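Topology and contacts: notes
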Amino acid sequence: MDDTVFVKQPACFLALVASLTFSHNKREKARNAKLIIEMHGPTTVLLDPDDPTKEGRRFNYDHSYWSHDGFEEQSDGYLAPSGGTNYADQKGVFNDLGKGVLKNAWEGYNCSLFAYGQTGSGKSWSVVGYGTNKGIVPMFCEQLFAEIENRRTADDTNSSCEYQVTFSMLEIYNEKVRDLLNNKSSKKAGLTVRQHPKKGFYVPELLQTPVASYKEIEKRMDEGTQNRTVAATNMNQTSSRAHTIVKIDLVQKGSNKDGTNMTKTSSVNLVDLAGSERADSTGATGERLKEGAAINQSLSALGNVIAALAENKPGTIVPYRDSVLTKLLKNALGGNSKTIMVAAISPADINYEETLSTLRYADRAKQIKTKAVVNETPTEKLIRELKEENTRLMELLKSGGGGGPIVEAAVAAGSDPGGSDAAAAEMSDEELEELKAQMEENKKEMDEMKRTWEEKLKAAQDALQEKDMAEERRKQKCLSTPHLYNLNVDPQLTGKVVYMIEEGQHTIGNKCPNSTPDILLIGPNIRKEHAVICNDNGNVALRPCQGAGVRLNGELVLSETDVHHHDRILFGSNHLYVFYHPAEMEAAKLAGRPVREITYDDAQEEIARFSGLNMNDSDSDDNKMSQLLKEDLMDLIPMVNEANAISEELDRKVQFEVVVLSAAAFGQKGDHSEVWVQMNSLVNDLRWIWPKNKFINRKYLMAEMYENYESSQGEEDWQWPDERDPFTESADAEVLIGSTSVYLKNLAFVVDFREQLELLDYGGKKSGLIQVELVPCRSDGKEVSEEDEDLFVDDSDELIGRDVHFQIRILSCRGLAGGPYQSVWCRYSFYLDTQTTETKRVGGTINPDFNHIDSRSMLTSTKQFVKYLESQFLRVEVWGVYSEAKVNEAKPAASKTATRDLVQAKQEAKLAESRFTSLVRSTVNQESEKKPTDQNQKRLIKQKTMQRKNEMYQRKIIQLQHLLSEAERNGRTTIEIAELIGLLNGHPTTGTTATNGHHSPVTPTAMKQYQSEGRGSSSRSATCNLM
């Protein structure tokens, strides 16, 4: 397909199920991404990027929304459809989806809307929106309160009704529930999720705030987002891996036609799910518990629940209890709720696999059928049922009846399970706690029902008034006072944390027992005294404290430096801020200087540039792989910095570094490179290399481990066993010791290659020697010798159509670095091999003998095969498993030296090594000429090939001399052309005597004897006579 230019916008929806397409983001445009999505009515078509002419996969949903292009921006910033396009604007999506949710809520049904899809595909755009382009949630809330006002003023009957709206907001991160409206409720293990026999799963401690207008909801959402930002920054959490659930409860109280007081209740759940990136490419097989991190558990469990519900077979157990998310969404997925799923997809070819996965996910979801009922009950009955339930629970508590399943069964049946001594003995502490919590919740609900709505609303407004006023004052102050505001990878979380830089000096640092800094930053790599920022009559300067990491506009700050409007400041490894100076901003406007918007990506790119990367290269197709590589590096560098900071803080004795490996380094096809992460032991020389996704999964666990460490404050054991510790690797983990490349060109000319080659590790350092041989053979498996002249060729093309036989021999390795090893072996693949070939495994030595011989035959060689021999190489990798003693030696407890000191010592050693290297560079260069490097290896092959050709030409000249002399001796004046052609082409007639018409071969020994006798001189004369 043709290249397509994309603007920043949402992707595609799937609704009821609905599907939504979003525009290409900056990275997709940088990769020259191509469009692979088409939408025709409710049908979404996904094209194969490898074969755009092939008919695409078709998925049918209730709605398919195109929001990739075809819009125009109005004066207020709203994106509306341009003439004749199928662009789906926010209002159109709300009319299809949001209004249905609102209608169901008024009728007393529970409703749920959840957005699913890859990070950056438009989930947040659809659910929340940006600026004037409001999403489903804000428009739902606006119209809800507008309808309440309309009903209150419509007529006397409706004006007597009471409408109550409560709002709550929670986040699920790493299987922990956090109340985003109540920081005081935060605890290490998160909020408890309990199960009620009628309400299902719920969070009893969740704050439900009464609200009277959309403006109040908007304030609460901003507050929740700000709390989410602070927590995510402090604990190194990634917002794209968190689920956010906004819950709005609508209660309608009034009299029915019979005059009975009725209560109609509707719970509306609006769910923004975490990014659905595939978690299966961890880069390794057989990973243990630590790779099944809880960070991925919720979405995996959700997929299993949807699959079980879609199957809809009798006796199928739906695994709601497998995660916190599926517990809380149980009603939405398979219970009393009307549910809509919005699946957001990217239209870019580079996201094909993720998009296909999302479309399939939504296709399964649309097969689920929920059974919603109107939640309307007489008010008095509600109170009576709560009282009766509490009475039953009290009896159970007194009698000692088991909680959990026993209580649930008893309550559901409306009977007492009995109070025998046996039951009392069975009751556990957990069951007792469950009983008490359920009673407390019932009592709380009864008390709430006795209070008037006005009382609840006033109490909530009074409690939040001071907070709202403080927030308003802060916003006003930002207009005139220099300040710092945060940058976050999630645009929704940018600008939510603000620190005023008023006149005077402001200290920045971590928690300190004796004093609190003016700006408190929590997290690894933040020192107690980290930096000082001074405002002297509007002139602002930044001074880092000793040993503290501070970057200004990507560059390390080592001394006091002036700070100006829109400068980017990184404190430690993850606290990224923009400095905003109102006076300088106004001066720039008056001077007509452009003031660009600062984004998270911009700040990370400049940090990457000062780390040695140039992110501004051309974005042409030729440079596409380079662009992908740089983006991966830009993503990983801050994460690696965080991992190193956590390692130092927790004293884990390891350090991480980014390494770039070619595809060939792991036997892959192609000339692209990939970014990996190497974990180095600071205690000994052990090293492990991880693919990107494996490291990212480990990094989430590192952040969780650090959070436990921070929460424990030395009172609890925050350390994990080795099988879960993200900073350790198992004793049986395979490591690549080194590799070498053996060029195959000698085989293209039927020339043997026998050399001892250097093994090089990831960093290009020598890690040992390996003896490799490539030996041409005859069809019987014996080595080709000088007698097999008919097998030799002058041009590699002569091999086309011929049978080629040879052996790959890997004989031994010597002086392997990093040993001793439990076992060592070699691995390689040749030509079209679908699986790698391995030598036998040898243990207990750094000088293993493999004596490996692999006989190969290519019958009727093709042009492709010959070209492969001429231009490619055989990559031989040496793998090993570290000895258990060395692995144990690398564990944190094995060394008393602090990680920070080990890091410093390593840096000093590197510096000393670089100085030494520069002093002996000339010697190293001289030695390198003697080593069989790639260039030297090619030269050796070329020399050997030329030597073999020269020998062959010499033999043919001698054979020709022999032929001429024999003809002269026999009185012949002519020689048949066929004999000359046969001699030149190496056929059996070549180099034979022609006496009496019988031919006998001339052996090399005979030729040497013939040449030594000087009989060749007459042949020149004979040749002349014959010519």
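Let us look at the structure shown here. (Residues numbered from 1 in each chain as written. Predicted model: local features only at pLDDT ≥ 70, side-chain atom pairs only at ≥ 80, totals over all residues. Heavy atoms only, no water.)

Attention now goes to the overall build of the protein chain. In terms of helices and strands, the protein chain carries 28 helices and 42 strands. Residue burial in the protein chain is summarised as follows: out of 1027 residues, 51% are buried. For the protein chain, the share of sequence-separated contacts (at least 6 apart) that also reach a separation of at least 24 residues comes to 67%. (Helix = DSSP H or I, 4+ residues; strand = E, 2+ residues; numbered from the N terminus. Buried < 20%, exposed > 50% of the residue type's maximum accessible area, 1.4 Å probe, protein only. Contact = heavy atoms within 4.5 Å.)

The subject of this paragraph is the pairing of strand E39 (residues 821-828). Extensive coverage of E39 is indicated by the burial of 7 of its 8 residues. In terms of strand pairing, E39 meets strand E42 (residues 873-882) through 6 bridges, oriented antiparallel. Across the sheet, Trp825 pairs through a bridge with Trp879, a residue of E42. Sheet analysis places E39 next to strand E40 (residues 837-838), joined by 2 bridges and oriented antiparallel. Residue pairing for E40: Tyr828 is matched across the bridge by Thr837. (Pairing = 2+ DSSP bridges.)

Before going further, it helps to examine the environment of Val93. Relative to the helices and strands, Val93 resides in helix H2 (residues 90-106). Judged by its relative accessible area of 2%, Val93 is buried. Distance from Val93 to Gly135, taken between C-alpha atoms, is 8.7 Å for residues 42 residues apart in sequence.

This brings us to the nonpolar core. By size, the foremost hydrophobic cluster in this structure holds 73 residues, and its most contacted members are Phe656, Phe695, Ile770, Phe830, Leu874 and Val878. Broken down by element, the residue count for this core peaks at 8 residues, all from helix H18 (residues 624-650). The contacts of Val878, once residues within four sequence positions are left out, are Val735, Leu736, Ile737, Gly738, Leu759, Ile770, Cys813, Leu816, Val824, Trp825 and Cys826. In terms of nonpolar packing, the next biggest core, distinct from the first, is built from 46 residues, Leu35, Ile36, Tyr116 and Ala343 among them. (Core = buried A, V, L, I, M, F, W, Y, C linked by side-chain atoms within 4.5 Å.)

What follows deals with unusual backbone geometry. Residue Asn525 is not a glycine yet carries a positive backbone phi of 70°. Relative to the helices and strands, Asn525 is located in the loop between strand E24 (519-520) and strand E25 (531-536). A positive phi angle, near 70°, is found at His566, a position not held by glycine.

This part takes up the sheet that holds strand E4 (residues 43-46). As summarised here, the arrangement of the 3 strands in space is E3-E4-E5, forming an open sheet in which the pairing is antiparallel. A strand with exactly one partner marks an edge of an open sheet, and here the two such strands are strand E3 (37-40) and strand E5 (57-60). Each strand of the sheet is rotated relative to its neighbour by a mean of 20°, with strand direction disregarded. Judged from the 4 bridges that link them, E4 and E5 form a sheet pairing that is antiparallel. Looking across to E5, one finds that Thr44 is bridged to Phe59. The sheet strands contacting helix H10 (residues 352-365) are E3, E4 and E5, and the helix crosses E5 at an angle near 35°. (Axes fitted to C-alpha atoms, helices over the stretch in contact; angles between N-to-C directions.)

On to H10, then. A rise of 1.5 Å per residue sets the reference length of H10, with its 14 residues, at 20 Å; its end C-alpha atoms lie 20 Å apart and thus fit the reference within 8%. Buried within H10 we find Tyr352, Glu354, Thr355, Leu356, Thr358, Leu359, Tyr361, Ala362 and Ala365. (Expected span 1.5 Å × (residues − 1).)

Attention now moves to the packing of aromatic side chains. One pass over the full model with this rule turns up 21 aromatic pairs. Between Phe71 and Tyr87, the aromatic rings sit 5.2 Å apart at their centres with planes inclined by 45°, giving tilted as the arrangement. With a gap of 16 residues between them, Phe71 in strand E7 (residues 71-73) and Tyr87 in the loop between strand E8 (79-81) and H2 connect regions that are remote in the sequence. When the ring of Phe656 is compared with that of Phe727, the centres are 6.2 Å apart and the planes differ by 50°; the resulting orientation is tilted. Placement of the pair is Phe656 in strand E32 (residues 654-662) and Phe727 in the loop between helix H19 (692-712) and strand E35 (734-743), with a sequence separation of 71 residues. Like Phe656, the residue Phe727 is buried in the burial classification. Through a chain of ring-to-ring contacts, three or more aromatic side chains come together here, namely Phe806, Phe830, Tyr831, Phe865 and Tyr868. The ring of Tyr61 has Lys366 lying over it, and the distance from NZ or CZ to the ring centre is 5.5 Å. A cation over an aromatic ring shows up here: Arg827 above the ring of Trp879, its NZ or CZ 4.6 Å from the ring centre. (Phe/Tyr/Trp six-rings, centres within 6.5 Å; stacked < 30°, edge-to-face > 60°. Lys NZ or Arg CZ within 6 Å of the ring centre and 35° of its normal.)

Of all 12 residues in strand E37 (residues 766-777), 10 are buried; the element is thus mostly enclosed. Judged from the 8 bridges that link them, strand E36 (residues 753-760) and E37 form a sheet pairing that is antiparallel. Bridging across to E37, Phe753 finds its partner in Leu774. With antiparallel pairing between neighbouring strands as the criterion, E36 and E37 make up a hairpin whose turn holds 5 residues, including Gly764 at a positive phi of roughly 85°.

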